[in-house]
Amino acid sequence: MAALSVLAALLLLAASGGPQAGRQKRKEMVLSEKVNQLMEWASKRPVIRMNGDKFRRFVKAPPRNYSVIVMFTALQPHRQCVVCKQADEEYQILANSWRYSSAFTNKLFFAMVDFDEGSDVFQMLNMNSAPTFINFPAKGKPKQGDTYELQVRGFAAEQLARWVADRTDVNIRVIRPPNYAGPLMLGLLLAVIGGLVYLRGSNLDFLYNKTGWAFAALCFVLAMTSGQMWNHIRGPPYAHKNPHTGQVNYIHGSSQAQFVAETHIVLLFNGGVTLGMVLLHEAATSDMDVGKRKIMCFAGIGLVVVFFSWLLSVFKSKYHGYPYRYVI
């Protein structure tokens, strides 16, 4: 009788596929539950907020057949992380573009871990700065390239999308919400021009003012040579605040990147040098009396010396080892 019971158990075990098939079935059930839960959260909010428990269950623990892009940040007001707020806005745009894309699948999710909600996750990953973007691939652990180079690429949604495509083979077309600031400014400019034309009647001499056009062209050149277009393309932070010391850096220490504040500083220095050169030119060609021309000459020399020295100092701080300096 005992032998028949053992035989029957063996037959049932063989019919069910054995312990390995049972484990595989349980694994598939757990994976299905995790994917369904993530899909439910993503349907309510494209960026899924996670604490330590959710992160360990849905991102770290197997099984997982999906990739998760996680932004580690510190958005609470008392953290005073301006860059975190700016990066979060771009991250939300990227996640929304993916969530409402026709190519949306359950193979990629966007998540966020705030320091005040998941400090244990920061400790587990030995992370001491924010914001940080990491791709947790469907298989294996994150590699070096799975950590986004924020200081080099900036945090614009388009740059993040390129990085995501490189790491996951998922191409996301970034769709930004409509911005009416540009059309409004253009309309205001046209209204001002139209008002001036109306007030001055047929006298359009002001449109032929060489000094006005020269000043406008100079402002445009100074903005472009100071890196404004780079900022528009890369979307860098305005400045960087060290989370440990609280020190704010306005000049990026690498020649491969820059801050928005750095552009403004370089623009000011370039403008100072330009103004000095203009004063020197006027001092040499003007019909004013000698005393005023001397003042303009000394003022021009002073502006060129001081602002060019500061400009060279910024250059040296980014290109380490540059041996030359000018006065300062």
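Residues numbered from 1 in each chain as written. Predicted model: local features only at pLDDT ≥ 70, side-chain atom pairs only at ≥ 80, totals over all residues. Heavy atoms only, no water.

1. Brief notes about the nonpolar core
Selection criterion: The set of buried Ala, Val, Leu, Ile, Met, Phe, Trp, Tyr and Cys residues whose side-chain atoms join them within 4.5 Å is what this entry labels a nonpolar core. Residue exposure (1.4 Å probe, protein chains only): buried if accessible area is under 20% of the type maximum, exposed if over 50%, otherwise partly exposed. Only DSSP runs of H or I with at least four residues qualify as helices, and only runs of E with at least two residues qualify as strands; both kinds are numbered from the N terminus onward. Contact criterion: two residues are considered in contact whenever any of their non-hydrogen atoms come within 4.5 Å of each other.
Judged by nonpolar contacts, the single largest core of 30 residues is most densely connected at Leu94, Leu108, Phe110, Phe133, Val164 and Ile172. Mapped onto this core, the elements with two or more residues apiece are strand E2 (67-73), helix H4 (82-99), strand E3 (108-114) and helix H7 (157-168). Here this core takes 8 residues from H4, the largest share from any one element. Among all residues touching Leu94, those that are not within four sequence positions of it are Phe110, Ala157, Leu160, Ala161, Val164, Ile172 and Val174. Listed in part, the 21 residues of the second largest apolar core include Val35, Phe58, Phe72 and Phe109.

2. Notes on the UniProt feature "transmembrane region" (unreviewed entry) in the protein chain
What counts is decided by this rule: UniProt positions are given in the numbering used here, feature names are shortened, and annotations may be inferred rather than shown by experiment.
UniProt's entry tags residues 180-199, 211-230, 265-283 and 295-315 with the feature "transmembrane region" (unreviewed entry), counted in the numbering of this structure. End C-alpha to end C-alpha, residues 211-230 measures 28 Å, and it is 90% helix and 0% strand. Its end C-alpha atoms 27 Å apart, residues 265-283 is made of 100% helix and 0% strand.

3. Things to note about unusual backbone geometry
Of the consecutive residues Pro62 and Pro63, the connecting peptide bond is found in the cis state with omega at 0°. Each neighbour pair has its own omega, and for Ala130 with Pro131 the value is 0°, a cis peptide bond. Structurally, the position occupied by Pro131 is in the loop between helix H5 (119-124) and strand E4 (132-136). Of note in the backbone geometry, Gln80 takes a positive phi value of approximately 55° without being a glycine. Within the secondary structure, Gln80 sits in the loop between E2 and H4. Positive phi outside glycine occurs at Asp169, with the angle close to 65°. Examined against the element boundaries, Asp169 turns out to sit in the loop between H7 and helix H8 (181-200).

4. Some remarks on the pattern of salt bridges
To keep things clear, this is the line we draw: Salt bridge, as applied in this entry: a Lys or Arg side-chain nitrogen positioned within 4 Å of an Asp or Glu carboxyl oxygen.
All told, the structure shown has 10 salt bridges when counted by the stated rule. Between Arg49 and Glu117 there is a salt bridge; the shortest N-O distance is 3.0 Å. Here Arg49, found in strand E1 (residues 47-49), pairs with Glu117, found in the loop between E3 and H5; they are 68 residues apart in sequence, far enough to count as distant. Residue Glu117 is classed as partly exposed on the basis of its relative accessible area, which comes to 36%. A salt bridge links Glu158 to Arg176; its shortest N-O distance comes to 2.9 Å.

5. A look at the packing of helix H9 (residues 210-225) against helix H11 (residues 260-285)
Packed helices, taken two at a time, are described by the angle between their axes plus the distance between the axes. To keep things clear, this is the line we draw: Fitted lines through C-alpha atoms serve as axes, helices being fitted only where they are in contact, and the angles separating the N-to-C directions of these axes extend from 0 to 180 degrees. Our angle categories are set so that under 35 degrees counts as roughly parallel, over 145 as roughly antiparallel, 65 to 115 as roughly perpendicular, and the remainder as oblique. Take the far helix as the reference: if the near one is turned anticlockwise from it by less than a right angle, the crossing is left-handed, and if turned clockwise, right-handed.
The N-to-C vectors of H9 and H11 enclose an angle of 135°; their axes lie 9 Å apart at closest approach. Between H9 and H11, the angle falls in the class oblique. Taken as a pair, H9 and H11 cross one another with a handedness that is right-handed. Residues Leu218, Leu222, Ala223 and Thr225 of H9 form the contact with H11, whose participating residues are Leu267, Asn270, Gly271 and Thr274.

6. Concerning helix H3 (residues 52-60)
How we decide: By arc we mean the arc of the directions from the helix axis to the C-beta atoms, nothing more. Polar contacts, as counted here, are pairs of nitrogen or oxygen atoms within 3.5 Å of one another; within protein the pair requires one atom able to donate a hydrogen and one able to accept it, and residues that are adjacent in sequence qualify only if both atoms are side-chain atoms.
For H3, every residue scored as buried is listed here: Gly52, Phe55, Phe58 and Val59. Summarising the axial view, the buried residues of H3 lie within an arc of 155°, below the 170-degree limit, and thus occupy one face. Capping the start of H3, Asn51 holds a side-chain oxygen 3.3 Å from the backbone nitrogen of Asp53, two or three residues further along.

7. Some remarks on the state of the cysteines
Heads up, the rule is: Note that a disulfide, as used here, is simply two cysteine sulfur atoms within 2.5 Å.
Inspection of every chain in the model, using the stated rule, returns 1 disulfide. The disulfide bridge from Cys81 ends at Cys84, spanning 2.1 Å between sulfur atoms. Where Cys81 bonds to Cys84 through sulfur, the torsion about that S-S bond is close to 70°, and the disulfide is right-handed. Taken as a pair, Cys81 and Cys84 share a single burial class, namely buried.

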